[in-house]
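Each chain, letter by letter, is given below.
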Amino acid sequence: MRVVVFSTKSYDRDTLTRCNAAGHGHDLVFQEPRLTSETSPLADGFPVVCGFVNDVFDASVLERLAGHGTRLVALRAAGFNNVDLRAAARLGIAVTRVPAYSPHAVAEFTVGLILSLARSIHRAYARTRNNNFSLEGLLGFDLHGRTVGVVGTGRIGALVARTMAAGFGCRVLAHDVRQDPELAGSGVAYVALPQLIAKSDVLTLHCPLTPATRHLVCDGTIATMKRGALLVNTSRGALIDAEAVVEGLKAGQLGGLAMDVYEQEADLFFEDLSDEIVHDDTLQRLLMFPNVLVTSHQAFFTQEALTAIAETTLSSITAFARGEKLESAVTQALIQPPPT
Ligand code: NAI
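Residues numbered from 1 in each chain as written. Predicted model: local features only at pLDDT ≥ 70, side-chain atom pairs only at ≥ 80, totals over all residues. Heavy atoms only, no water.

(A) Structural detail: the packing of aromatic side chains. Throughout the structure, instances matching the rule amount to four aromatic pairs. Ring centres of Phe-52 and Phe-270 lie 5.7 Å apart, and the angle between their planes is 45 degrees; this geometry places the pair in the tilted category. Taken together, the residues Phe-52 in the loop between strand S3 (48-51) and helix H2 (59-67) and Phe-270 in the loop between strand S11 (254-259) and helix H11 (281-288) connect sequence positions 218 residues apart. Given a relative accessible area of 10%, Phe-52 falls into the buried group. Judged by centre distance (5.6 Å) and plane angle (55 degrees), the ring pair of Phe-300 and Phe-301 falls under tilted. For Phe-301, a relative accessible area of 39% puts it in the partly exposed group. Ring pairs connect the aromatic residues Tyr-11, Phe-52, Phe-270, Phe-300 and Phe-301, which therefore count as one cluster. One cation-aromatic arrangement involves Arg-2 over Phe-46; the distance from NZ or CZ to the ring centre is 4.2 Å. Above the plane of the ring of Phe-289 lies Arg-285, whose end atom (NZ or CZ) is 4.3 Å from the centre. (Phe/Tyr/Trp six-rings, centres within 6.5 Å; stacked < 30°, edge-to-face > 60°. Helix = DSSP H or I, 4+ residues; strand = E, 2+ residues; numbered from the N terminus. Buried < 20%, exposed > 50% of the residue type's maximum accessible area, 1.4 Å probe, protein only. Lys NZ or Arg CZ within 6 Å of the ring centre and 35° of its normal.)

(B) Here's a closer look at the sheet that holds strand S2 (residues 27-30). Strand order in the open sheet formed by five strands is S2-S1-S3-S4-S5, and the pairing between neighbours is parallel. Each edge of the sheet is formed by a strand with only one pairing partner; in this case those strands are S2 and strand S5 (94-96). Adjacent strand axes in the sheet meet at a mean angle of 20 degrees when their direction is disregarded. Where strand S1 (residues 2-5) and S2 come together, four bridges link them in parallel fashion. Its bridge partner being in S2, Val-5 is matched across the sheet by Phe-30. (Pairing = 2+ DSSP bridges. Axes fitted to C-alpha atoms, helices over the stretch in contact; angles between N-to-C directions.)

(C) Up close: the sheet that holds S11. Taken in spatial order, the seven strands line up as S8-S7-S6-S9-S10-S11-S12 in an open sheet, and their pairing is parallel. Strand pairing shows two members of the sheet lacking a second neighbour, strand S8 (188-190) and strand S12 (292-294), which therefore form its edges. Averaged over neighbouring strand pairs, the angle between their axes works out to 20 degrees when direction is ignored. Sheet topology note: the strand S10 (residues 229-233)/S11 ladder contains five bridges and is parallel. Following the sheet pairing, Val-232 is matched in S11 by Ala-258.

(D) Fine view of the site of the ligand. Taken together, 22 residues surround the ligand, and among them Tyr-101, Arg-155, Ile-156, Asp-176 and Thr-234 come closest. Note that an oxygen atom of the ligand is positioned 3.5 Å from one of the backbone N or O atoms of Ser-235. A distance of 3.1 Å is found between an oxygen atom of the ligand and a backbone nitrogen or oxygen belonging to Phe-300. The protein chains hide 87% of the 870 Å² of surface that the ligand would expose on its own. Within the shell around the ligand, the residues separate by chemical class into eight nonpolar, nine polar and five charged. (Near = heavy atom within 4 Å. Polar contact = N/O pair within 3.5 Å; in protein donor to acceptor, adjacent residues only side chain to side chain. Areas by Shrake-Rupley, 256 points an atom, 1.4 Å probe, with all protein chains shown as cover. Nonpolar A, V, L, I, M, F, W, Y, C, P; charged D, E, K, R; others polar.)

(E) Geometry of the side chain of Thr-295. When you line up the elements, Thr-295 lands in the loop between S12 and helix H12 (303-321). Among residues more than four places away in sequence, those in contact with Thr-295 are Phe-109, Leu-113, Met-259, Asp-260, Val-261 and Phe-269. (Contact = heavy atoms within 4.5 Å.)

(F) Region of the structure containing helix H10 (residues 242-250). What H10 keeps buried is the set Ala-242, Ala-244, Val-245, Val-246, Gly-248 and Leu-249. Turning to H10, the residues buried within the fold contact helix H9 (219-224), S10, S11, H11 and S12. Among the residues trailing H10, Gly-252 stands out with phi positive, at a value near 80 degrees.

Put into structure tokens, the structure is as follows:
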């Protein structure tokens, strides 16, 4: 199949090329830019468009793709909030994703962020490189015995919950629209969201971005959090209202923030902008706080995950080419609320 692959960096091209040569044999054309309405002509004539987290598959882009022969959108990601699924269905474009490539990659990174925030490891690293060996301002707290709130206990959230409970001796509260009975039986207590927010010393987000979860953390949420609680987001940027978080940090109501995703990340993350003026005042303000740790959508980035992403994506394309059932198809049902 002829496949145009958007938002590619050297590591994507290397992994996809290696996996493709090992058993798929598709005709892959790599593009560095992300897919937007401006770059969509690069996809003209390709039956398959392969995209990543910040590629835009809104109705107008999908209409253009469909009009120029695209029949499959193959996402190299688990989240699919960047695709208008209704438009895709209407236009007869199938959408696949990589539902589970390495939940361990994201869960382990999340635990790393929690540890770094709780003990100011990110600050210590920067200080000692400047020969500042003082401990002033680095006082942390034991995670053992603290309460960690996990919102979304799917593949990643469940791993984080288990690690914090069994590995650190934390009390773990969880909230999900579908409870995991096995997790509930392993020392994790499911509670209503307001209770989780009010009781947690660390709040970590692992639910998908949907209309129901957009700005789940906003002014009102922050006001009801424990004073000084830490907030960690490795899921999707728009789960938090970043401007409200700035105010929460300024007031000391939030004790720290670690974020691997940012609502306005599309034009920033994955690029080296160190020689440029970044015009995002909210992000620039966040980067000024000593108790804020920002990484640029890096949680997935392990050798294992990259290989699994390439394998699943190419297998979906191969299945599509053969007219087989698409195991990792994204359907509207995935974002419907569960039966009550
Ligand atoms: P998953 O689908 O296994 O789990 C998501 C869980 O969230 C499910 O249990 C679901 O029932 C729950 N949920 C849905 N709506 C909810 C709501 N309103 N309130 C509470 N819970 C709700 O997904 P997985 O693999 O655990 O991934 C979680 C998220 O992590 C993805 O949606 C994706 O956005 C993000 N992600 C981030 C990566 C990164 O590199 N930073 C890499 C991979 C995923």
